[in-house]
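# Tertiary structure, described
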Amino acid sequence: MFDYSGKNVFVAGGTSGINFGIAEGFARAGARVFVISRSPEKVTSAVELLQETGAEAAGASADVRDFDAVKTAFAAAHGTFGDIDVLVSGAAGNFPARVNDISSNGFRAVLEIDLLGTHHVMTAAWPVLNKPGASVINISAPQAIVAMTGQAHVCAAKAGVDMITRTLALEWGPEGVRVNSVIPGPIDGTEGMRRLAPTPQAMEMVRQSVPMKRVGIPQDVANLCLYLGSHYASYVSGAVIPVDGAWSLNMPGTALDPVLDHIAASRAK
Ligand code: NAP
Ligand code: COA
């Protein structure tokens, strides 16, 4: 349906899970794809898997908390493929913990990866975005719109990400660059779900709380990103769009309580 032949896509945090699914979606649609994350091994293996789709793919190791490293990665991407048509920023960190159980450094770690990292990725990308016409997609989370126990750090960080999206849609709109956020719901087989729903019982509770009675797959998120990166979305900017089977309308803010109690009980043993 979507043809990204000749287009360059950069995916920050694109070496596993949802973001890898997004990178793969663009690769299968004909794009050249560049991925970054911290682990060189994950970068190598993601690039190999992307190339197996028949796409041109490359990558680099970089921590989004390190602005110089991010700038170096964009220079490498630009040198390899040229200007970037679609930028996806999805590097993130999460762990379930009530705020009283998170140190200043723990809170900072998540804010620096999710929020400061988004700033680093977007601003380092700016000089090499293919303007006008480029599309920026930030990967947010339901925690940005629904308060959730054990997730104060993520709620704060992802709400901040969505406000960066909205603000830069205003600032970059006149240059012909669109900026949107995507809010995935619970996505099967991902690190995020392994951390927040670590038992079969917790996973089943999540599934039951989704009005559509299923958890998502990375391709569900990739499909929305393919739309947002395309000319079909040429008047869509500053939007924060859930792809979650209506979960965020139904998600109890205390959903993580059993998981947090389970963690506390394991620690007490
Ligand atoms: P994941 O597989 O752990 O993806 C995170 C990616 O970011 C990995 O490629 C990781 O690779 C990279 N990363 C982490 N810290 C980084 C850093 N400091 N610098 C550069 N890269 C870094 O997790 P996921 O569950 O698929 O989550 C992907 C995105 O979807 C996140 O933005 C998350 O908030 C969002 N989300 C997930 C769910 C869900 O159901 N899983 C729901 C809503 C939103 P390295 O370890 O190599 O750095
Ligand atoms: N509960 C409370 N605090 C925790 C924690 C938990 N479960 N896990 C980590 N922390 C704290 C650490 O104790 C540390 O604080 P301290 O120095 O005061 O002890 C702080 O977080 C940083 O931990 P560290 O492991 O040094 O950070 P890192 O930079 O290596 O890793 C994380 C960042 C913690 C976010 C790590 O989980 C990560 O790399 N995540 C990426 C993958 C991911 O989360 N995927 C899901 C995305 S939704």
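Heads up: these notes are all about the structure in this document. (Residues numbered from 1 in each chain as written. Chains lettered and ligands numbered in written order. Predicted model: local features only at pLDDT ≥ 70, side-chain atom pairs only at ≥ 80, totals over all residues. Heavy atoms only, no water.)

## Some words on the packing of aromatic side chains
- Here the structure, examined in full by the defined rule, presents five aromatic pairs.
- Cluster of aromatic residues (ring-pair linked, three or more members): Phe10, Phe34 and Phe74.
- If you follow lysine 131 out to its NZ or CZ, it ends over the ring of tryptophan 126, 4.2 Å from the centre. (Phe/Tyr/Trp six-rings, centres within 6.5 Å; stacked < 30°, edge-to-face > 60°. Lys NZ or Arg CZ within 6 Å of the ring centre and 35° of its normal.)

## Considerations on the site of ligand 1
- Near ligand 1 you find 31 residues, and of these Ser16, Ser37, Arg38, Gly90 and Thr190 are the closest.
- Contacts to ligand 1 include lysine 42, whose side-chain N or O atom sits 3.1 Å from an oxygen atom.
- Within the side chain of aspartate 63, one N or O atom sits 2.9 Å away from a nitrogen atom of ligand 1.
- For ligand 1, the protein covers 90% of the area, taking 880 Å² as the surface of the free molecule.
- Here the shell around ligand 1 is built from residues that sort into 13 nonpolar, twelve polar and six charged. (Near = heavy atom within 4 Å. Polar contact = N/O pair within 3.5 Å; in protein donor to acceptor, adjacent residues only side chain to side chain. Areas by Shrake-Rupley, 256 points an atom, 1.4 Å probe, with all protein chains shown as cover. Nonpolar A, V, L, I, M, F, W, Y, C, P; charged D, E, K, R; others polar.)

## With respect to the pairing of strand β1 (residues 8–12)
- Among the five residues of β1, five are classified as buried, and the element is accordingly described as predominantly covered.
- The alternating pattern of β1 places Asn8, Phe10 and Ala12 on one face and Val9 and Val11 on the opposite face, and all of these are buried.
- Pairing of β1 with strand β2 (residues 32–37) involves five bridges; the strand directions are parallel. Directly across from valine 9, in β2, lies its bridge partner valine 33.
- Crossover handedness for the path β1 to helix α1 (residues 17–28) to β2: right-handed. (Buried < 20%, exposed > 50% of the residue type's maximum accessible area, 1.4 Å probe, protein only. Helix = DSSP H or I, 4+ residues; strand = E, 2+ residues; numbered from the N terminus. Pairing = 2+ DSSP bridges. Right-handed = clockwise from strand over helix to strand, strands pointing away.)

## Points about helix α2 (residues 40–52)
- With 13 residues, α2 extends 18 Å from end C-alpha to end C-alpha; this agrees with the ideal 18 Å at 1.5 Å per step.
- When α2 is considered as a whole, its buried residues turn out to be Val43, Ala46, Val47 and Leu50. In an axial view of α2, the angular spread of the buried residues amounts to 100 degrees, which keeps them on one side of the axis. Turned more than 90 degrees off the buried face of α2, the exposed positions are Glu41 and Glu52.
- In this structure, the buried side of α2 is in contact with α1, β2 and β3 (57–61).
- Following α2 by one or two positions, glycine 54 has its phi on the positive side, about 100 degrees. (Expected span 1.5 Å × (residues − 1). Arc of directions from axis to C-beta. Contact = heavy atoms within 4.5 Å.)

## Observations concerning the side chain of serine 135
- Inspection of the secondary structure assignment puts serine 135 in strand β5 (residues 135–139).
- Taking the relative accessible area as the measure of exposure, serine 135 reaches 0% and is therefore buried.
- In this view, serine 135 contacts Asp85, Val86, Leu87, Arg178, Leu228 and Gly229; residues no more than four positions away in its chain are not counted.

## So, the site of ligand 2
- Taken together, 16 residues form the shell around ligand 2, and within it Arg65, Asn94, Ser103, Asn105 and Arg195 come nearest.
- Within the side chain of serine 103, one N or O atom sits 2.6 Å away from an oxygen atom of ligand 2.
- Here ligand 2, which alone exposes 930 Å², has 58% of that area covered by the protein.
- Of all the elements, helix α4 (residues 104–125) adds the most residues to the shell around ligand 2, at four residues.
- Residue composition of the shell around ligand 2, grouped by class: five nonpolar, six polar and five charged.

The analysis is restricted to geometry; functional conclusions fall outside its scope.
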